[in-house]
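# Architecture at a glance
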Number of protein chains: 2
Amino acid sequence: MTSRQRAATSVTLADVAARAGVSPATVSRVLNDSYPVSASTRDRVTRAVRELKYVVNGHARALAASTSMVVGVIVNDVSDPFFSQIVRGIQTEAAHDGKLVVICNTEGEPARELSYLELLRQQRAHSVLLTGAAVDDPVHLAELAEQGRGLLAQGGRLVLCGRPRLPDVDAPAVTFANHAGASALARHLVELGHRRIAYLTGPLGRTTTAERFAGFREQLAAAGVPLAPELVLSGGFTRAAGYDNTRALLAAGAEFTALVTANDAMAFGALAALREHGIDVPDQVSVAGFDDLPFCVDSAPPLTTVRLPLTEAGALAARLAAGREPVPFGGVVTLQGELVVRRTVNRPPSQPGGQR
Amino acid sequence: MTSRQRAATSVTLADVAARAGVSPATVSRVLNDSYPVSASTRDRVTRAVRELKYVVNGHARALAASTSMVVGVIVNDVSDPFFSQIVRGIQTEAAHDGKLVVICNTEGEPARELSYLELLRQQRAHSVLLTGAAVDDPVHLAELAEQGRGLLAQGGRLVLCGRPRLPDVDAPAVTFANHAGASALARHLVELGHRRIAYLTGPLGRTTTAERFAGFREQLAAAGVPLAPELVLSGGFTRAAGYDNTRALLAAGAEFTALVTANDAMAFGALAALREHGIDVPDQVSVAGFDDLPFCVDSAPPLTTVRLPLTEAGALAARLAAGREPVPFGGVVTLQGELVVRRTVNRPPSQPGGQR
DNA sequence: CCAGGTGATGAAAGCGCTTACTGTGATGGC
DNA sequence: GCCATCACAGTAAGCGCTTTCATCACCTGG
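Just so it is clear, the model here is predicted, and its values are computed rather than measured. Per-chain numbering applies: the sequence of each chain, read as written, is numbered from 1 onward. Working convention: letters from A go to chains and numbers from 1 go to ligands, in the order in which they are written. Selection of residues for local features in this predicted model requires a pLDDT of at least 70, selection of side-chain atom pairs for listing and counting requires 80 or more, and totals for whole chains, interfaces and linings are taken over all residues. To get the side-chain values, take all heavy atoms of the structure and skip hydrogens and water.

## Here's the deal with the protein's contact with DNA strand D
As a reminder of what qualifies: Nearness is judged by heavy atoms alone; a residue qualifies as near a molecule or strand once a single heavy atom is within 4 Å of it. The definition of a polar contact used here is a pair of N or O atoms within 3.5 Å, where within protein one atom must be able to donate a hydrogen and the other to accept one, and adjacent residues in sequence count solely through side-chain atom pairs. Secondary structure elements follow DSSP: runs of H or I of four or more residues count as helices, runs of E of two or more count as strands, with numbering from the N terminus. When residue character is reported, Ala, Val, Leu, Ile, Met, Phe, Trp, Tyr, Cys and Pro are called nonpolar, Asp, Glu, Lys and Arg charged, and the others, Gly included, polar.
Around DNA strand D, 25 residues are found, and the nearest of them are Leu 13, Ser 28 and Tyr 54 of chain A together with Arg 29 and Thr 41 of chain B. Looking at DNA strand D alone, sugar and phosphate atoms form 64% of those within 4 Å of the protein. A distance of 2.9 Å separates a phosphate oxygen of DNA strand D from a polar side-chain atom of Thr 26 of chain B. At the level of elements, helix 2 (24–32) and helix 4 (58–65) of chain A together with helix 2 (24–32) and helix 4 (58–65) of chain B are the ones that each hand at least two residues to the surface near DNA strand D. Here the surface near DNA strand D is composed, by residue class, of 13 nonpolar, nine polar and three charged.

In structure tokens:
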């Protein structure tokens, strides 16, 4: 209720210096302990700091020393567990060297990706981590690369996480073995006897979508299992897309004994759609996702999926950005996924007439 | 592979001025369009900016104008959907006025809360939003209040979100009607005939824990339903705690027809534990949570819970912080929850011997 | 007793911007 | 036709720090 008068100016380093009876330079030296200072002087300074409740001005410091505490993270949507998991990895790592993590939600819009990058450059971000939303529109990519190069030229660091490298930009990338993961999943299904497998891809034009689908498709081909075009639908990486596309499949009377979705969120939607249609998972239809979000253990039924080391990826990217980890040869490190078998996959129901 | 030479210095406003043949002041004026500039001059400047690929130095600007673009958010854990939902609300709102959101993970440790607040003060954060982890240790609270006052004195703004106000600090709070929500849940259960209801509280010493439990307890009392002490256990706000405590209840042979947990994460754990024991939900035991995380619709079975407007709370807090929303009388706005009935609650099984 | 260290401190020049405060010509009222 | 007015543009003084360079007292060996 009390609306206090707002103090316009705050305590400065000069004030501390005056109070301690030393020069500003000395105060700076004890603050950063960047140079030997005698114990008695140091004491006087720290006491003055405490008495005056001095808090250094980060902007002034950043300006004078041209260093920055901020690490930018550009992400599709923090509230998506896929990203929030990565962000946590980054945050934990950044905290180690006292950096501040600013998160930028692009909501999948390339334009925002660009404008956030610009904002981050204005703040002279120490480093920025670009994750998700790897739209492969060439124009956008070119602009992104341009911004990336600008950032690097300013002395910042750029690391990609979960997306491929940018053309002509010297930035390392942490990626996932999407192809291998999807292959493993496909193999699992084929080995159990599935022959008609539906696949719900992510949004078109995204690298992740392409890699996962390719891994799936190629594995089927290798096993001699045909992939029916009418069983492949695409949509967003969302639960809603999974739900809608599964309903579309069902409405079209498509026949399949397994359904693979490009990520877990879509799988949850698929499970819901199947349940509504009274189709039992896994006895009538098997379902599998990708990512292994924490919630997979609690879905109905618990979801078979491919686990991606999300937090670890974030942490690794952050370490790369901090220069605390050597950049691997070729500039990209690929993290392997792992097939996690739970309860949504079973043998296909044995049917009277063999369908293929 | 190409390790380019890192440019030590970047283009400054003075460079732009020189190129455009005007004074730095003029450049600044067109950049911020803070003062009328003739069209032709403006053109020359913008052209120079583009040609030189000039990007303003945010630190210099912040120092000179004593303004800041950063909004700090102090949170328990970004990867927890409860918080990430709030963060998204904040982020979206902050993006409106071009602010950068820095997120600080305390992992529930009061010490980090404090050190992040300090860091944020160093950065002269425009505002900070404090959410979660409302440990009510008096010493911690006092230090927090101290920091909060310091922030305010520096001209920053402080808003609490999902936690009660700080003593002697003039900061508004956005809170949830925990008491009312828990009451509604209790009433629902009682009306269906439940008489032996177990309750898993959150961590002791947290306001949220206390409020939710009080709402529950008082509603039972009002309905004349006894609350058996052996049916109340407490633990963290985590799935693991829900799982463990439910198992403990079961192991102790406790008898209950309904189980209420202080949040959804715990409820998911409870459902898993019940399932492992072959107990059917909701036919043998009813379960209810609190928060209404997005996953509630996909759990097995879909969870009956109390919906909290998380994203909205974050957005509101952000608007309050930005001064874009008037601070309500009393400084606190309480957002109501809403009972969401799904599939985990049913009438209690009718038993031969009525137990109470 | 003094040249040459050595170790702690101070003076001052920025870092890149904003923003009073001053100048200007060009206008317009009388 | 002259001076107040106006609309821009420039000058320069910071904002609060870091950091180079100079200073100064004091010590050590010859």
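## What to know about the sheet that holds strand 6 (residues 197–201) of chain B
All names here are of chain B. Rule in force here: Strands qualify as paired when DSSP identifies two bridges or more between them. Only the contacting stretch of a helix is used when fitting its axis, a line to C-alpha atoms as for every element, and angles between N-to-C directions run 0 to 180 degrees.
Taking strand neighbours across the sheet as the criterion, the four strands line up as 7-6-8-9 in an open arrangement whose pairing is parallel. Unpaired on one side and paired on the other, strand 7 (232–234) and strand 9 (286–288) mark the two borders of the sheet. With direction set aside, neighbouring strand axes in the sheet form an average angle of 15°. Alignment of strand 6 against strand 8 (residues 258–261), held across four bridges, turns out to be parallel.

## Concerning the interface of chain B and chain A
Rules: When checking whether two residues touch, look at their non-hydrogen atoms; a contact exists if any pair is within 4.5 Å. When two parts are brought into contact, each loses some accessible area as probed by a 1.4 Å sphere; the total of that loss over both is the buried area. For salt bridges, the criterion is a side-chain nitrogen of Lys or Arg within 4 Å of an Asp or Glu carboxyl oxygen.
Contacts between the two partners involve 62 residues from chain B, matched on the other side by 63 residues from chain A. Buried area between chain B and chain A, summed over both chains or domains, comes out near 5600 Å², and the portion from carbon and sulfur atoms is 53%. Interface area lost by chain B to chain A is led by His 59, Leu 100 and Asp 298 of chain B, which between them contribute 13%. The interface formed by chain B and chain A includes six salt bridges. The closest approach of N and O atoms between Arg 88 of chain A and Asp 77 of chain B, which form a salt bridge, is 3.8 Å. On the surface where chain B and chain A come into contact, there are 23 residue pairs in polar contact (both at pLDDT 80 or more). Mapped onto the side of chain B that touches chain A, the elements with two or more residues apiece are helix 4, helix 5 (81–96), strand 2 (100–105), helix 6 (110–122), helix 7 (138–153) and helix 11 (264–276) of chain B. Along the lines of polarity and charge, the residues of the side of chain B that touches chain A split into 26 nonpolar, 22 polar and 14 charged.

## Overview of the confidence of the model for chain A
All names here are of chain A. What counts, and what does not: Confidence scores labelled pLDDT are given residue by residue by the predictor and lie between 0 and 100.
Taken over all residues, the pLDDT of chain A has a mean of 92, while the share at 70 or more is 96%. This stretch, residues 1–8, has a pLDDT under 50; its non-local contacts, to residues over four places away or in other chains, come to eleven contacts. Note that pLDDT drops below 50 for residues 352–356; the model gives that stretch four contacts with residues more than four away or on any other chain.

## Side note on the packing of aromatic side chains
We apply this condition: Stacked, tilted and edge-to-face are the three classes applied to pairs of Phe, Tyr and Trp rings, where Trp contributes its six-membered ring and a pair requires centres within 6.5 Å; stacked means planes under 30 degrees apart, edge-to-face means over 60, and tilted covers the rest. Buried, partly exposed and exposed residues are distinguished by accessible area as a fraction of the type maximum, computed with a 1.4 Å probe on protein chains only: under 20%, between the cut-offs, and over 50%, respectively.
Applying the stated criterion across every chain, the model contains 13 aromatic pairs over all chains. A centroid spacing of 5.1 Å and a plane angle of 45° characterise the contact between Tyr 199 of chain A and Phe 213 of chain A, whose relative ring orientation is tilted. Here Tyr 199 of chain A, found in strand 6 (residues 197–201), pairs with Phe 213 of chain A, found in helix 9 (residues 207–222); they are 14 residues apart in sequence, far enough to count as distant. Seen from their ring centres, Phe 213 of chain A and Phe 216 of chain A are 6.5 Å apart, and the 25° between their planes marks the pair as stacked. With a gap of three residues between them, Phe 213 of chain A and Phe 216 of chain A both fall in helix 9, about one helical turn apart. The residues Phe 213 of chain A and Phe 216 of chain A share a single accessibility class, namely buried. Taken together, the aromatic side chains of Phe 268 and Phe 295 of chain A together with Phe 268 and Phe 295 of chain B make up a single cluster linked through ring pairs.

## Focus: the domain arrangement of chain A
Residue and element names in this part refer to chain A. Here is the rule: Residue ranges for the domains originate in an automatic or database domain assignment.
According to the domain assignment, chain A contains domain 1 (13–65), domain 2 (70–171 + 310–331) and domain 3 (178–304). The distance between the C-alpha centroids of domain 2 and domain 3 comes to 29 Å. At the junction of the two partners, domain 2 supplies eleven residues and domain 3 supplies seven residues. For the pairing of domain 2 and domain 3, the buried interface totals around 710 Å² over both sides, and the portion due to carbon and sulfur atoms is 53%. Linking domain 2 with domain 3 are zero salt bridges, by the criterion used here. Seen at the junction of domain 2 and domain 3, the total is zero residue pairs in polar contact (both at pLDDT 80 or more). The element that contributes the greatest number of residues to the side of domain 2 that touches domain 3 is helix 5 (residues 81–96), accounting for three residues. Of the residues in the side of domain 2 that touches domain 3, the class split is seven nonpolar, three polar and one charged.

## Some points on the relation of the copies chain B and chain A
This is how the line gets drawn: Only residues with pLDDT of at least 70 in both copies count here: their C-alpha atoms drive the least-squares fit that superposes the copies.
Superposition record for chain B on chain A: RMSD 0.1 Å, screw rotation 180°, translation along axis 0.0 Å. Here the symmetry operator amounts to a two-fold rotation axis. Minimal C-alpha distance to the rotation axis in chain B is attained by Val 102 of chain B, lying at 2.0 Å. Most of the interface of chain B is mirrored in chain A, where 100% of its interface residues are also at the interface.

## Description of the environment of His 179 of chain A
Residues and elements named next belong to chain A. Mapped onto the fold, His 179 is located in helix 8 (residues 178–191). Exposure remark for His 179: the relative accessible area of 33% places this residue in the partly exposed category. Not counting residues within four places of it along the chain, the set of residues in contact with His 179 comprises Glu 211, Ala 214, Gly 215 and Glu 218.

## A short note on the protein's contact with DNA strand C
The immediate surroundings of DNA strand C are formed by 26 residues, with Arg 29 and Thr 41 of chain A together with Leu 13, Ser 28 and Tyr 54 of chain B found nearest. Each atom of DNA strand C within 4 Å of the protein belongs either to a base or to sugar and phosphate, the latter forming 64%. Here Thr 41 of chain A contributes a side-chain N or O atom positioned 2.3 Å from a phosphate oxygen of DNA strand C. Contact distances for DNA strand C include 2.2 Å between a phosphate oxygen and a backbone N or O atom of Leu 13 of chain B. Of all the secondary-structure elements, those providing two or more residues to the surface near DNA strand C are helix 2 and helix 4 of chain A together with helix 2 and helix 4 of chain B. By residue class, the composition of the surface near DNA strand C is 14 nonpolar, nine polar and three charged.

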